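Remarks on the overall topology
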Amino acid sequence: MKVLVVDDEPDVVEVVTLTFKLHWPDCQVIAAHSGESALDLFCVECPDVVILDIGLPGMNGFEVCRRLRQISDIPILMLTVRGEELNKVKGLEIGADDYITKPFSPLELLARVRAVLRRAEMPLPLTAAPDFSSGDLTINFASHEVTLRGKPVKLTAIEYSLLFHLVRNAGRILPYGTLLTKVWGYGYRDETDTLKVHIARLREKIEDDPHDPKYIRTARGIGYQFCKIP
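Residues numbered from 1 in each chain as written. Predicted model: local features only at pLDDT ≥ 70, side-chain atom pairs only at ≥ 80, totals over all residues. Heavy atoms only, no water.

What to know about the overall build of the chain
- If you tally the helices and strands in the chain, you get eight helices and 12 strands.
- Its C-alpha atoms give the chain a radius of gyration of 18 Å, within 12% of the compact-globule value 17 Å for 230 residues.
- A total of 230 residues make up the chain; the buried ones form 50% of that total.
- Within the structure as shown, the chain displays about 11,200 Å² of accessible surface, and the carbon and sulfur contribution to it stands at 52%.
- For the chain, the separation between the mean place of its 28 positive charges and that of its 32 negative charges on side chains is 7 Å. (Helix = DSSP H or I, 4+ residues; strand = E, 2+ residues; numbered from the N terminus. Rg over C-alpha atoms; globule rule 2.2 N^0.38 Å. Buried < 20%, exposed > 50% of the residue type's maximum accessible area, 1.4 Å probe, protein only. Areas by Shrake-Rupley, 256 points an atom, 1.4 Å probe, with all protein chains shown as cover. Lys, Arg positive; Asp, Glu negative; His and termini not counted. Charge placed at Lys NZ, Arg CZ, Asp CG, Glu CD.)

Below, the structure written as structure tokens:
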């Protein structure tokens, strides 16, 4: 297990490193202090998860996240400053899997890292589960493959998990809290903004018109519903 920490504050890097050494001794922590060095280290070290600060000198964390997403689906946890809600949403929109606010509890950091790693493994469907088709969209539960009009759709672990739960309950409205609990865990059941951002990203990939979706419909103020199309 290897963690890449990207932060220009030595104190933050030290806290993260000590946290993993104390609570996860087998974990190797590598550090980068700029966006450019983070991208170089990523290609050389092939880490399992990235903890990425937004406020980096030169290339900021948003740009690093964008570039990582172009080449990898690695779990990314972004570090934000307390009160900067727009940064949290922006980070999720460009591909981050989760965020944690500075100053943070070491135990919370570990819990969030473990959570994004669990979601990345995607152990949701049984191999015996049948395939699912709706209009031009097809899902192979055994291989986790999603295709649209015969072409593969590249989804992150969270996007696939959301789609999985929606299609397994096709026709039913799944409340925000239910989806959040199923995909992120009970501690996230009130993080509605996080859910909305990931649903928007999923719609961008599977809907012909994300602003007028035919598959994932919004039940305003309640939740989301997957509509099966013949």
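Still more to cover.
Focus on the pattern of salt bridges
- Scanning the model with the defined rule gives 14 salt bridges in all.
- The partner of Lys 2 in a salt bridge is Glu 45, and the shortest N-O contact between them spans 3.0 Å. Taken together, the positions of Lys 2 in strand β1 (residues 2-6) and Glu 45 in helix α2 (residues 35-45) put the pair 43 residues apart, joining distant regions of the chain.
- Here Lys 2 falls in the buried class, since its relative accessible area comes to 17%.
- Here Glu 9 and Lys 102 are joined by a salt bridge, their closest N and O atoms 3.3 Å apart. You can see Glu 9 sitting in the loop between β1 and α1 (10-23) and its partner Lys 102 sitting in strand β5 (residues 98-102), a full 93 residues away along the chain. (Salt bridge = Lys/Arg side-chain N within 4 Å of Asp/Glu carboxyl O.)

Describing the side chain of Thr 101
- With respect to the helices and strands, the residue Thr 101 is situated in strand β5.
- For Thr 101, a relative accessible area of 15% gives the class buried.
- Among the polar contacts made by the side chain of Thr 101, one reaches the side chain of Lys 88 at a distance of 3.3 Å. (Polar contact = N/O pair within 3.5 Å; in protein donor to acceptor, adjacent residues only side chain to side chain.)

Description of the confidence of the model for the chain
- Mean pLDDT over the chain: 88, with 95% of residues reaching 70 or higher.
- Note on residues 122-128: pLDDT is under 50 here. Beyond four places in sequence and across chains, it has 12 contacts. (pLDDT = per-residue confidence, 0-100. Contact = heavy atoms within 4.5 Å.)

With respect to the sheet that holds strand β2 (residues 28-32)
- Strand order in this open sheet of five strands is β2-β1-β3-β4-β5, and the pairing throughout is parallel. Every other strand in the sheet has two partners, leaving β2 and β5 as the edge strands with one partner each. Direction aside, the axes of adjacent strands within the sheet are offset by 20° on average.
- One ladder, built from five bridges, connects strand β4 (residues 76-81) with β5; its direction is parallel. For Thr 80, the partnering residue across the bridge sits in β5 and is Thr 101.
- Relative to the sheet, helix α4 (residues 85-93) contacts β4 and β5, its axis offset from that of β5 by approximately 155°. (Pairing = 2+ DSSP bridges. Axes fitted to C-alpha atoms, helices over the stretch in contact; angles between N-to-C directions.)

Overview of the pairing of strand β3 (residues 49-53)
- Taking burial as the measure, the five residues of β3 include five buried ones, the bulk of the element.
- Of the two faces of β3, the one holding Val 49, Ile 51 and Asp 53 and the one holding Val 50 and Leu 52 are both buried throughout.
- Here β1 runs beside β3; their pairing, made up of four bridges, is parallel. What sits directly across from Val 5, in β3, is Ile 51.
- Taken together, the four bridges between β3 and β4 define a ladder with parallel strand orientation. Within β4, the position partnered with Val 50 by the bridge is Ile 76.

Digging into the side chain of Asp 97
- Considering the arrangement of structural elements, one finds Asp 97 in the loop between α4 and β5.
- What makes Asp 97 buried here is its relative accessible area of 5%.
- Within the structure, the side chain of Asp 97 is placed 2.8 Å from the side chain of Arg 69, a separation counted as a polar contact.
- Within the structure, the side chain of Asp 97 is placed 2.8 Å from the backbone nitrogen of Ile 76, a separation counted as a polar contact.

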